[in-house]
Amino acid sequence: MTRSVARMADGRELIYFDETVHEDRVLVDPRDLAEVVPGSQMRYDALLGEWVGIAGHRQTRTYHPPANACPLCPSSATNQSEIPSPSYDVVVFENRFPSFAGSGDVATVTDATGSLFQTRPGTGRCEVVCFTSDHNALLSVMPPRRLRTVIEAWADRTAALSAQDGVEQVFCFENRGVEIGVTLGHPHGQIYGYPFATPKTAATVRSAQEHRARTGGNLFGELLAGEIADGSRIVAQNEHWVAFVPFAARWPVEVHLYPRVQVRDLTELGDAERDALAALYLEVIRRMEGLFEDSLPAITGVHQAPVHADAQDYWLHLEVLTIRRAEGKIKFLAGSESAMGAFVNDITPEIAAQRLRDVWVPSADNASTTAGSVTR
């Protein structure tokens, strides 16, 4: 794989991750673009003890453009897109409509009432990851080599964003399907460099710290070992990774992928572990697709340790979930989930795991095994 860096017409960074030589590589953006001046800020929710991003400029972001005007396709004579080259394998660039941007002063400001109404600049970084130049492709039908390149890009950007001033957590993710809220049809994901540890991560870190203080053990590792020992919720596994439906799954179909050996983030994975992740992830997503005759609106999230917080027990993992609960039916987050944050799942995790195991996947792509262990 080769890596080359370019600048877009408005100064944003763009990085090509190429599996093959592209003789037509273009590193100069010919467009005339005004500089992006995002105006994000963070506001503190004193009741929940959480920061909320406010990014009013994102209301003007691109929304369901026609395929011949896709901003993520390679540039052509009729469509000068965000990617100036006429071809690419994987490309990452700074989002033109970022939720968080910049690395300036992050000091908290309070109003006259004191500490109840706190604001901070919405610093950080948001990037777009294009998985392929093919507008109509899906990541799940690409060869393992392509997902391997995506993992390399994720790891590269995790290292870069973790080193940026003010970034406290790096989150790589893919939103898939219009039902999820995707506004660009081209296969792509995103990377957020948050200026805070997200509420979900902060909660898991607290739980792990409390478990360590109470038992002396690693909560993540013990949960993983328990899933392996039980076996009823295991979906697939290989030498380096285990995929399972969690015991307390919130979503109709939700699969977590854990490395057998604890690492904090993608940068700590070796080549063999990255190869194994690509193979197992593709198997998992293909099994999920096989559950339904219609579409698979899904989210894939790469959960990594916060950059600076005390999180020695944190265990890198991926979470893949769909809001589809049956063919033609969507799991909507209504009163209990949206208003109270209290999930009620319509499918028993053990049944969901069995259904996933029953899905046939081509033998050449099936990397699952039947036994394994976990190192804590």
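Keep in mind that this is a model prediction, so the values were computed, not measured.

A.B. asks: Tell me about the environment of F100, residues and numbers included.
C.D. replies: Looking at the secondary structure, you find F100 in the loop between β5 (90-94) and β6 (109-111). Judged by its relative accessible area of 5%, F100 is buried. On a C-alpha basis, the gap between F100 and V167 in space is 9.9 Å, while along the polypeptide they are 67 residues apart.

A.B. asks: Run through helix α4 (residues 271-289), naming residues and quoting values.
C.D. replies: Helix length check: α4, at 19 residues, gives a terminal C-alpha distance of 27 Å against a target of 27 Å (1.5 Å per residue), a fit within 8%. Most of α4 is tucked away: 14 of the 19 residues are buried.

A.B. asks: Explain the sheet that holds strand β12 (residues 241-244) residue by residue, including any values.
C.D. replies: Taken together, the 11 strands give an open sheet; going across it, the order is β1-β2-β5-β8-β10-β9-β14-β15-β13-β12-β11, and neighbouring strands pair in antiparallel fashion. For this open sheet the edge positions go to β1 (2-7) and β11 (234-237), each flanked by a neighbour on one side alone. The average angle at which neighbouring strand axes cross in this sheet is 20 degrees, direction not considered. Of the pairings in the sheet, the one linking strand β13 (residues 253-259) to strand β15 (residues 317-322) comprises five bridges and is antiparallel in character. Residue pairing in the sheet places V253 in a bridge with T322 of β15.

A.B. asks: Could you give me a rundown of the nonpolar core, with the residues and numbers involved?
C.D. replies: Among the nonpolar cores identified, the biggest contains 52 residues, and W241, V255, L257, L266 and M288 are the most heavily contacted of them. Ranked by residue count, the leading element in this core is α4, at nine residues. Among the nonpolar cores identified, the runner-up in size contains 14 residues, and M8, L14, Y16 and Y88 belong to it.

Here is what the cut-offs are and how they apply
Residues numbered from 1 in each chain as written. Predicted model: local features only at pLDDT ≥ 70, side-chain atom pairs only at ≥ 80, totals over all residues. Heavy atoms only, no water. Helix = DSSP H or I, 4+ residues; strand = E, 2+ residues; numbered from the N terminus. Buried < 20%, exposed > 50% of the residue type's maximum accessible area, 1.4 Å probe, protein only. Expected span 1.5 Å × (residues − 1). Pairing = 2+ DSSP bridges. Axes fitted to C-alpha atoms, helices over the stretch in contact; angles between N-to-C directions. Core = buried A, V, L, I, M, F, W, Y, C linked by side-chain atoms within 4.5 Å.

It is worth stressing that arrangement in space is one thing and function is another; only the former is reported here.
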